[in-house]
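Next come the chains, spelled out residue by residue.
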Amino acid sequence: MSTLLHPDRLFSANATERDIARALYESISDLPLISPHGHTDPRWFAENENFANASELLVVPDHYVFRMLLSQGLRLEDLGIAPQDGTAESDPRAIWRRFAENYHLFAGTPTRLWLDHTFETLFDLHEPLSRDTADSYFDTINALLAREDYRPRELFERFGIEVIATTESALDDLRWHDQIKDSGWSGRVVTTYRPDAVIDPDFEGFGANLDTFGEITDCDTGTWVGYLDAHRKRRAYFKQRGATATDHGHPTAETANLSPGQAQALFDRVRAGKGGPDDHRLFRAQMLTEMAKISLEDRLVMQIHPGSFRNHSEATFTRFGRDKGFDIPTRTDYVEALRPLLSAAGMDPDFRLIIFTLDESAYSRELAPLAGVYPALRLGPAWWFHDSPEGMRRYRELTTETAGFYNSVGFNDDTRAFPSIPARHDVARRVDSAFLARLVADHRIREDEAFLLIRELSYGLAKKAYRL
Amino acid sequence: MSTLLHPDRLFSANATERDIARALYESISDLPLISPHGHTDPRWFAENENFANASELLVVPDHYVFRMLLSQGLRLEDLGIAPQDGTAESDPRAIWRRFAENYHLFAGTPTRLWLDHTFETLFDLHEPLSRDTADSYFDTINALLAREDYRPRELFERFGIEVIATTESALDDLRWHDQIKDSGWSGRVVTTYRPDAVIDPDFEGFGANLDTFGEITDCDTGTWVGYLDAHRKRRAYFKQRGATATDHGHPTAETANLSPGQAQALFDRVRAGKGGPDDHRLFRAQMLTEMAKISLEDRLVMQIHPGSFRNHSEATFTRFGRDKGFDIPTRTDYVEALRPLLSAAGMDPDFRLIIFTLDESAYSRELAPLAGVYPALRLGPAWWFHDSPEGMRRYRELTTETAGFYNSVGFNDDTRAFPSIPARHDVARRVDSAFLARLVADHRIREDEAFLLIRELSYGLAKKAYRL
Amino acid sequence: MSTLLHPDRLFSANATERDIARALYESISDLPLISPHGHTDPRWFAENENFANASELLVVPDHYVFRMLLSQGLRLEDLGIAPQDGTAESDPRAIWRRFAENYHLFAGTPTRLWLDHTFETLFDLHEPLSRDTADSYFDTINALLAREDYRPRELFERFGIEVIATTESALDDLRWHDQIKDSGWSGRVVTTYRPDAVIDPDFEGFGANLDTFGEITDCDTGTWVGYLDAHRKRRAYFKQRGATATDHGHPTAETANLSPGQAQALFDRVRAGKGGPDDHRLFRAQMLTEMAKISLEDRLVMQIHPGSFRNHSEATFTRFGRDKGFDIPTRTDYVEALRPLLSAAGMDPDFRLIIFTLDESAYSRELAPLAGVYPALRLGPAWWFHDSPEGMRRYRELTTETAGFYNSVGFNDDTRAFPSIPARHDVARRVDSAFLARLVADHRIREDEAFLLIRELSYGLAKKAYRL
């Protein structure tokens with residue numbers, strides 16, 4: 001019987017390396033999943049309702065999927081994504097057929113690996129998805145999705161998730177997290193403090209956001225001191241809901257460390273809506289350092305995800321809104337950019353800053369050298385477009401020699417595509433097994449070291465780095 | 001008997017991968033060559049005269065060859081390249097001997113692979129070129145070049161070329177193309193519209209070029225509207241001679257999309273010779289978007305080849321002129337640069353923009369993410385210095401996971417070195433076979449997919465992308 | 001018995017490639033070491049006193065070692081590095097134990113390879129260093145270091161060093177070099193002219209340095225002409241002590257070629273302490289070209305090592321001073337930056353400029369294309385953070401296809417860690433053997449070529465490039 005997944009996938013074709021990789025992988029493949037950074041919806045786990053159907057689970061919400069289809073001439077409307085001025089395909093079977101007919105486009109992409117893994121391990125499908133198998137796939141998946149044991153909490157347990165972090169806006173009331181807690185369910189779902197909406201003056205509704213921020217924290221966000229206090233209180237609120245980390249999605253990695261007087265004057269300009277583009281940029285930069293300083297107090301781990309040019313296609317943004325596949329990486333500098341923040345907090349081993357990049361040229365040039373010396377700094381894993389076999393391999397090849405393994409933080413699945421989570425961890429564990437196997441096979445590390453390391457890369461480092 | 005070419009060259013040393021690669025390669029090695037972008041001289045095919053001798057065919061005109069010899073201390077004069085104020089070596093045998101004596105310098109370069117392929121398959125030579133074999137090589141090659149079946153049209157057919165595109169200035173009268181057509185010869189040689197001389201205000205004789213442009217199109221190139229009409233008419237003229245594409249060799253990828261009034265004012269300044277460097281830059285940027293808009297009308301495929309710093313050695317440029325090996329790649333940005341053009345035309349699946357790079361750091365960071373979402377955008381293959389086994393491998397490794405295979409456009413030989421064309425396609429087909437074999441061997445794609453893909457990469461995608 | 005070093009380390013796991021690599025390596029593994037660029041202390045060879053102990057030899061002075069330990073939370077003080085306002089751990093055994101306990105942090109780094117090589121080949125140690133073996137290591141190493149045959153000169157001979165270059169400031173009196181020469185010892189230790197202290201206006205004490213420079217050369221360094229003469233005389237002084245090269249550690253690769261009048265005016269401003277940051281930058285740039293011009297006279301080989309952001313952590317710099325692991329690579333441009341210097345001297349085959357980079361993205365984009373055409377230009381090997389198996393492999397993969405092997409200059413160990421020198425050359429020779437083996441195994445070069453090339457890469461090119 002044909003199967004979608006080969007047991008030795010992503011290992012080297014060389015028998016020596018493959019055998020070592022297989023042994024390493026088998027030693028950790030059953031470890032629970034630590035998912036310290038992601039974007040699943042906590043409401044799923046709070047309400048535990050069944051997912052609707054294959055298309056709404058796997059096609060409509062997945063930007064990896066629809067961006068590829070769009071690139072080859074399909075229309076977002078035909079994939080179930082409605083423009084603000086119109087309607088979209090409402091028949092999920094029609095959407096699924098379009099996707100299935102074009103499944104060959106994903107050859108060589110991680111999306112293909114993730115989906116095949118989901119198809120085989122979650123839905124017991126074994127023939128390749130294609131025009132011919134579209135309907136049987138659709139029916140099979142829908143039938144399973146309707147079952148009790150395919151509801152979010154049951155999947156969470158089936159996937160072996162030990163802990164998952166979601167990401168919420170600083171303005172979120174975290175009701176779903178409260179509901180999860182109150183439900184008595186044992187699954188560990190924690191939140192992450194994401195304050196972009198109240199830090200970035202270019203965010204839609206920034207002024208009103210700050211008003212709301214003041215109301216929900218009972219702080220005077222009309223003043224610099226009150227504004228910082230609002231962050232402190234809100235972070236504590238998140239921490240009570242399990243948060244161990246903050247996350248910051250800035251356009252660049254720029255940080256600043258102004259004097260208190262300068263910072264206050266900058267805040268006053270920005271708060272009054274009188275700041276220019278340079279003020280906005282500088283305010284974002286300053287706030288990263290402020291967040292680092294508060295992390296020194298409350299020990300929340302800080303994550304910076306810089307370097308994405310958002311909504312590159314204006315027409316698509318106008319018609320369809322955010323997150324439609326048009327966020328494009330840009331060149332990103334770290335050495336000068338991070339210096340003010342690192343000068344303020346980088347030498348403190350109790351502070352933890354995890355830095356990500358979409359610019360792979362910075363791995364060996366800037367990020368590994370920085371992470372290889374600053375006590376507070378750790379390197380986030382290969383991210384977003386680079387969360388793939390080649391991307392992960394390059395990450396290890398380009399960072400390990402300078403930063404070692406212990407300045408990396410294990411794997412982040414970083415996804416809202418819930419069923420892909422086991423697949424993503426599986427890919428990461430296989431790629432790391434293959435990488436370590438190569439080091440063993442050419443005698444750079446010993447086999448006993450590799451077994452310790454694969455456990456750290458698959459499980460231990462993520463728990464430690466995120467204080468989970 | 002020693003041979004220069006091993007049948008398994010460029011395949012992996014791993015037996016599993018090699019066997020798959022060999023099978024893939026054998027399935028497509030006899031397919032005709034599609035050469036959609038190159039710089040052969042149409043006069044060769046129009047007149048069909050024999051090439052003069054080995055040195056004038058293989059050494060004197062090939063910048064890959066003489067730049068390497070120059071880098072190790074040889075003089076251009078001694079390689080048959082005359083300075084404007086002097087003379088060059090006129091004995092082709094002396095030139096050939098200098099080249100042969102230094103042939104070891106090319107170890108590890110693609111030039112070596114191309115030349116050995118030419119020596120063995122075209123000239124039936126089997127001993128390595130060296131000082132010892134220089135004369136027998138020279139005599140053998142010259143004897144064959146004098147034969148009827150080694151004339152350009154006969155070589156075209158021997159090489160299995162289905163269609164070749166040359167590149168001509170917008171001011172070219174395309175007489176050789178007309179002569180080919182009138183000759184009744186069945187070989188398909190098409191032109192490509194290259195308007196740099198009438199688009200780039202820094203081009204030598206730009207003002208006079210625009211005058212000529214007006215005369216040959218009967219348009220008033222003194223006005224913005226007339227100038228754009230001249231392009232329209234000239235593109236139609238090229239299209240009648242088979243052109244399916246335009247080509248643009250700008251220093252950067254910058255595009256602009258000014259209002260009609262701004263564009264006209266800019267044209268007026270530039271046309272009057274009153275534009276400064278920023279005007280020149282902006283005019284080039286604006287004209288890329290204008291060309292895209294006209295492509296929406298006439299459906300010519302648009303190619304942008306940015307990022308080369310031309311004539312880096314002033315002394316060499318002054319003495320020897322252009323194209324003497326001193327064009328050096330520079331860092332090139334695409335995300336901001338292409339946005340105006342992509343906003344104007346990038347969402348139209350009927351528009352086709354093929355983008356190239358000399359800055360490999362942009363592959364995974366910018367180009368694959370852009371090509372993986374914009375319907376109009378395709379990625380040109382590894383280009384110029386990167387048209388090599390390692391360069392092509394990196395291209396696939398760095399672009400496939402995000403853009404897939406179907407947003408690439410097959411192979412361009414991009415050469416004026418006519419006899420190297422089969423060798424270049426052979427290298428590309430082998431490297432792609434080896435790449436696909438690796439994906440099969442580590443179970444990322446199925447073998448049946450790989451056979452479909454190698455056919456697309458070797459033949460199908462180029463035809464489709466260039467509408468040939 | 002367990003050993004730290006496998007005879008096939010760093011060769012491919014593929015048997016075909018490994019067997020070729022092994023044969024190549026064995027053909028050159030006994031060749032003497034050419035060390036044309038490094039930072040050992042000539043005083044060691046002049047006085048030939050025993051090294052103190054394991055910690056002072058291998059931990060305290062090695063920034064690769066202590067930066068990694070620092071990154072994981074250890075304090076410099078606890079590693080024997082004293083702050084300016086305090087004291088450090090004075091017990092070398094305590095330092096050694098801290099290092100040994102954390103030796104696992106170095107898995108996958110070149111430091112680990114170098115140290116294990118030193119432990120096994122120099123100190124006859126065969127069990128992995130760890131908390132358990134810390135004391136026996138410490139005692140064994142110290143006992144050997146106390147022996148006559150472990151003194152610097154005896155190690156020099158044991159290591160098979162044919163010639164080593166040290167690096168001295170232009171202001172150094174070279175007394176240790178004189179003492180070595182006078183001693184009658186046959187070891188060849190040459191100096192290198194490093195004039196940063198009298199070229200970089202931002203160097204501590206620049207003005208006073210120029211006064212001293214005038215005194216020791218008997219030139220009037222108050223004038224531009226006198227200042228240049230001082231360089232000429234000082235270079236001649238270094239040349240008498242064996243120097244064949246100069247070395248320049250600038251923040252960028254920027255060069256300039258001002259008119260004599262402009263240069264003199266710039267010098268006058270800078271000399272008078274009236275130059276701003278742009279003047280300082282321009283003066284450094286101009287001086288690179290001046291050094292090139294003088295190299296045309298005295299034939300000293302010129303080396304430029306650009307692109308390091310020095311002392312990134314201000315706090316560490318203030319407390320501990322320079323060279324504490326906080327020099328971080330930055331993005332570096334070469335195409336525009338080197339053009340003035342290359343215009344002045346780059347076409348002269350008698351001039352030799354060796355250029356290094358910490359920005360690997362420049363290898364294929366800028367440096368290989370430049371080195372592949374300019375007669376004067378050669379590419380320095382993978383440097384500093386990239387002096388590692390993966391770094392060296394990338395260097396060859398990214399430069400060879402465009403620049404060939406003969407525009408590279410062999411290996412530089414670039415170290416002050418004397419016992420690591422054989423290990424570093426061994427790694428380089430193995431990585432190059434493996435790289436050539438891959439080219440042979442996939443039939444890009446012939447085996448007989450590979451044997452010639454490995455000899456050049458391991459020995460010949462360095463001697464020729466540095467005129468040693």
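On a predicted model such as this, the values are computed, not experimentally measured, just so you know.

### Section: the sheet that holds strand S1 (residues 33-35) of chain A
All names here are of chain A.
So, point 1. In spatial order, the strands read S1-S2-S4; together these three strands make up an open sheet with parallel pairing. Edge positions in the sheet fall to S1 and strand S4 (189-190), since each of these pairs with one other strand and no more.
So, point 2. As judged from the three bridges shared by S1 and strand S2 (residues 161-165), these two strands associate in the parallel manner. Bridge assignment links Leu33 to a residue of S2, and that residue is Ile161.

### Things to note about the packing of aromatic side chains
So, point 1. Overall, the coordinates contain 103 aromatic pairs over all chains when judged by the stated rule.
So, point 2. Geometrically, the ring pair formed by Phe267(A) and Phe283(A) is tilted, given 6.1 Å between the ring centres and 40 degrees between the ring planes. Of this pair, Phe267(A) sits in helix H13 (residues 260-271) while Phe283(A) sits in helix H14 (residues 277-298); the two residues are 16 residues apart in sequence, bridging distant segments of the chain.
So, point 3. Assessed through its relative accessible area of 0%, Phe267(A) is described here as buried.
So, point 4. The buried category is assigned to Phe283(A), whose relative accessible area is 0%.
So, point 5. A centroid spacing of 5.4 Å and a plane angle of 75 degrees characterise the contact between Trp44(C) and Phe51(C), whose relative ring orientation is edge-to-face.
So, point 6. Given a relative accessible area of 11%, Phe51(C) falls into the buried group.
So, point 7. An aromatic cluster of three or more residues is present, and its members are Trp44(A), Phe45(A), Phe51(A), Phe156(A), Phe159(A), Trp185(A) and Phe418(A).
So, point 8. Taking the ring centre of Tyr237(A) as reference, the NZ or CZ of Arg234(A) above it sits at 4.1 Å.

### Notes on the interface of chain B and chain A
So, point 1. On the chain A side, the residues contacting the 44 residues of chain B number 47 residues.
So, point 2. Summed over both partners, the interface of chain B with chain A comes to about 3,700 Å²; 54% of that surface belongs to carbon and sulfur atoms.
So, point 3. If you look at where chain B meets chain A, you find six salt bridges.
So, point 4. Summed over the shared surface of chain B and chain A, the number is 22 residue pairs in polar contact (both at pLDDT 80 or more).
So, point 5. Listing elements by their share of the side of chain B that touches chain A, those giving two or more residues are helix H1 (15-28), helix H16 (339-345), helix H17 (362-371), helix H18 (389-403), helix H19 (421-441) and helix H20 (447-465) of chain B.

### Focus on the relation of the copies chain C and chain B
So, point 1. Mapping chain C onto chain B is achieved by rotating through 120 degrees and translating by 0.0 Å along the same axis, at an RMSD of 0.0 Å. Both chain copies can therefore be described as sitting about a three-fold axis.
So, point 2. A share of only 7% of the interface residues of chain C reappears at the interface of chain B, consistent with the copies meeting through non-equivalent patches.

### Considerations on the pattern of salt bridges
Side-chain pairing between opposite charges can occur once the charged atoms of the two side chains come close.
Residues and elements named next belong to chain A.
So, point 1. Counted according to the given criterion, the structure contains 165 salt bridges over all chains.
So, point 2. The partner of Asp149 in a salt bridge is Arg158, with the nearest N and O atoms 3.7 Å apart.
So, point 3. Between Asp196 and Arg194 there is a salt bridge, and its shortest N-O distance comes to 2.8 Å.
So, point 4. Of the residues examined, Asp196 reaches a relative accessible area of 10% and is grouped as buried.

### So, the relation of the copies chain B and chain A
So, point 1. The two copies are related by a screw operation: chain B maps onto chain A through 120 degrees of rotation and 0.0 Å of translation along the axis, at an RMSD of 0.0 Å.
So, point 2. In this assembly the copies use different faces: only 7% of the residues contributing to the interface of chain B also contribute to that of chain A.

### Points about the interface of chain C and chain B
So, point 1. Taken together, the contacts link 44 residues of chain C with 47 residues of chain B.
So, point 2. Between chain C and chain B lies a buried interface of about 3,700 Å² when both sides are counted; carbon and sulfur atoms form 54% of it.
So, point 3. Applying the counting rule to chain C against chain B returns six salt bridges.
So, point 4. Between Glu390(B) and Arg444(C) there is a salt bridge, with its nearest N and O atoms 2.9 Å apart.
So, point 5. Where chain C touches chain B, the interface holds 24 residue pairs in polar contact (both at pLDDT 80 or more).
So, point 6. Its residues assigned to classes, the side of chain C that touches chain B comprises 18 nonpolar, 11 polar and 15 charged.

Rules used in this analysis
- Residues numbered from 1 in each chain as written.
- Chains lettered and ligands numbered in written order.
- Predicted model: local features only at pLDDT ≥ 70, side-chain atom pairs only at ≥ 80, totals over all residues.
- Heavy atoms only, no water.
- Pairing = 2+ DSSP bridges.
- Helix = DSSP H or I, 4+ residues; strand = E, 2+ residues; numbered from the N terminus.
- Phe/Tyr/Trp six-rings, centres within 6.5 Å; stacked < 30°, edge-to-face > 60°.
- Buried < 20%, exposed > 50% of the residue type's maximum accessible area, 1.4 Å probe, protein only.
- Lys NZ or Arg CZ within 6 Å of the ring centre and 35° of its normal.
- Contact = heavy atoms within 4.5 Å.
- Buried area = accessible area lost by both parts, 1.4 Å probe.
- Salt bridge = Lys/Arg side-chain N within 4 Å of Asp/Glu carboxyl O.
- Polar contact = N/O pair within 3.5 Å; in protein donor to acceptor, adjacent residues only side chain to side chain.
- Least-squares fit on C-alpha atoms with pLDDT ≥ 70 in both.
- Nonpolar A, V, L, I, M, F, W, Y, C, P; charged D, E, K, R; others polar.

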